[in-house]
Amino acid sequence: MSKEITARSEDYSQWYNDLVLKGGLADYSAVKGCMVIKPYGFALWEGMRDVLDKKFKDTGHQNAYFPLFIPKSFLSKEEDHIEGFAKECAVVTHHRLMKNPNGKGVVVDPTAKLEEELIVRPTSETIIWNTYKDWIQSYRDLPLLINQWANVVRWEMRTRLFLRTAEFLWQEGHTAHATAEEAIAETEQMLEVYADFAENYMAMPVVRGVKSPAERFAGAIDTYCIEALMQDGKALQAGTSHFLGQNFAKAFDVQFSNKENKLEYVWATSWGVSTRLIGALVMAHSDDDGLVLPPRIAPLQVVIVPIYKGDDQKAKIDAKVHEIMGQLKKAGIRVKYDDSDNARPGWKFAEYEMKGVPVRIALGARDLENNVAEVARRDTKSKESLPLDGLAERIGVLLEDIQQQMYNKALAFRDEHITPANTIEEFERLLEEKGGFISAHWDGTTETEEKIKERTKATIRCIPLNNKQEAGTCILTGKPSTQRVLFARAY
């Protein structure tokens, strides 16, 4: 089955597409720029969603839902915000179809033009802050901690499954606070929630940082981010958390009476991650034989495949497997017994390898006699015979080891690909020959940042939090700099 996958070394982009399609995560859609998330891919998203949703609720947030459609006038109220999304907005102009008077099919009814156009949400700040105006009157109403699980539309011209599609799934948190300090603390807290999820569930190390002014979210005072490194040496923004200041509160006149009974504008944050995380997961860990999924969020952690001849052997294996299945499920392990007779064991092995199932157990008649099972791990492809007695406990330990080893491998790769550069020539050479994050001095101006981007196609991914301060000179202009920042080519 691995022969169906293009090698990473041959064509990384095609390798990625092969894994997404043949691993059963997604498919192309009849709607240009949109994708169909298949059951296996959606199960992966559900696993991510469930973990994150618990983390959100543990930090005091509640889920709500706001309309898909946003009046155009709302977007006009925050100019910096709409400027950042204007070219990506889908616009609804009519509310009815009619039978085509000139032939078959339907056409837009010209008499059904909306008085005001509606925007299909690219993000929900404007509709939410217009609502918060009615929800917030007093300091007693704060903080307001709301999250929404939803879909959004950003009209992308060049799309890629999971990484960049016209419609995608995500969550967006929107919070209101009495002070700037509280809002900044919220922004930093949610960044750490994302980082913890990426590292401890996705086994994907990330750099925590803030964006440069040119890379900030439209309408934000500061954008905090987590940046991950893919196996081709390109960076991927895996999550963002924004301190919005009072921009949206002022645009939508959201004020509250403080303890001294004086009116103040509230302070805001927003934060989100999307189905782009699935693309990150694929590119961070997978190999030329298929997906490699970390156990903590793999839809299926263990698959058991019987090897037998005749019904008598099958019956004995079935009885033992059901006993093992009960023990595994009791331990909270997601397990499947694939005893279907429509494919040979070898085909099943390749299929589950392609799907990235962390552990495969093969059990045959001779194994049963010897009271052992063959256990294979997906990440290293190693196999060993383990006693059936106490197997569930051993599998639990093995899954945790796989999780840790996947993180360690990705961390070693990431750390090996953070390289300092002191001149623009060295910077360009490293980008071409090694890739990864380039740590370099920058003079702090948007003009220089743009010139470096035009020349090298690399952007400032982030200014790391708690960044080491050191005197230096900008790689492009030679002007003084107080710290290095991380550049990379990125998705």
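Located above this text is the structure these notes cover.
Criteria and thresholds
- Residues numbered from 1 in each chain as written.
- Predicted model: local features only at pLDDT ≥ 70, side-chain atom pairs only at ≥ 80, totals over all residues.
- Heavy atoms only, no water.
- Pairing = 2+ DSSP bridges.
- Helix = DSSP H or I, 4+ residues; strand = E, 2+ residues; numbered from the N terminus.
- Axes fitted to C-alpha atoms, helices over the stretch in contact; angles between N-to-C directions.
- Contact = heavy atoms within 4.5 Å.
- Core = buried A, V, L, I, M, F, W, Y, C linked by side-chain atoms within 4.5 Å.
- Buried < 20%, exposed > 50% of the residue type's maximum accessible area, 1.4 Å probe, protein only.
- Salt bridge = Lys/Arg side-chain N within 4 Å of Asp/Glu carboxyl O.

Enquirer: Could you give an account of the sheet that holds strand E20 (residues 372-377), with specific residues and numbers?
Expert: Spatially, five strands are ordered E18-E17-E19-E20-E21 in an open sheet, and the strand pairing comes out mixed. Since the sheet does not close on itself, it has two edges, and those belong to strand E18 (335-337) and strand E21 (383-387), each with one partner. Neighbouring strand axes in the sheet, compared pairwise and without regard to direction, differ in orientation by 25° on average. Where E20 lies against E21, five bridges are found, and the strand directions are antiparallel. If you follow Glu 374 over to E21, its bridge partner there is Ser 385. Relative to E20, helix H12 (residues 391-416) is tilted by about 15°, and along the sheet it contacts strand E17 (302-307), strand E19 (359-364), E20 and E21.

Enquirer: Describe the nonpolar core, with residues and values.
Expert: As a rule of thumb, soluble globular proteins bury nonpolar side chains together. Formed by 74 residues in total, the largest nonpolar core has its most connected members in Met 204, Met 230 and Phe 427. Other than its neighbours up to four places away in sequence, Phe 427 contacts Ala 421, Ile 438, Ala 440, Ile 452, Thr 456, Ala 458, Ile 475 and Phe 487. Membership of the second largest hydrophobic core comes to 28 residues, among which are Phe 85, Ile 128, Ala 176 and Ala 249.

Enquirer: Give a description of the pattern of salt bridges that names residues and reports values.
Expert: Any two side chains of opposite charge can pair, so long as their charged atoms come close to each other. Scanning the entire structure with this criterion turns up 30 salt bridges. Measuring nitrogen to oxygen at the nearest pair gives 3.2 Å for the salt bridge that ties Arg 461 to Glu 227. Here Arg 461 is found in strand E24 (residues 459-464), whereas its partner Glu 227 is found in strand E12 (residues 222-229), with 234 residues between them in sequence. For the pair formed by Arg 461 and Glu 227, the shared burial category is buried. We note a salt bridge from Glu 447 to Lys 451, for which the minimum N-O separation is 3.4 Å. Of this pair, Glu 447 and Lys 451 are both found in helix H14 (residues 446-456), four residues apart, which corresponds to roughly one turn of the helix. With a relative accessible area of 45%, Lys 451 lands in the partly exposed category. Through salt bridges that share partners, Asp 287, Asp 289, Arg 378 and Lys 381 make up one connected network.

Any functional reading would require information that these geometric values do not contain.
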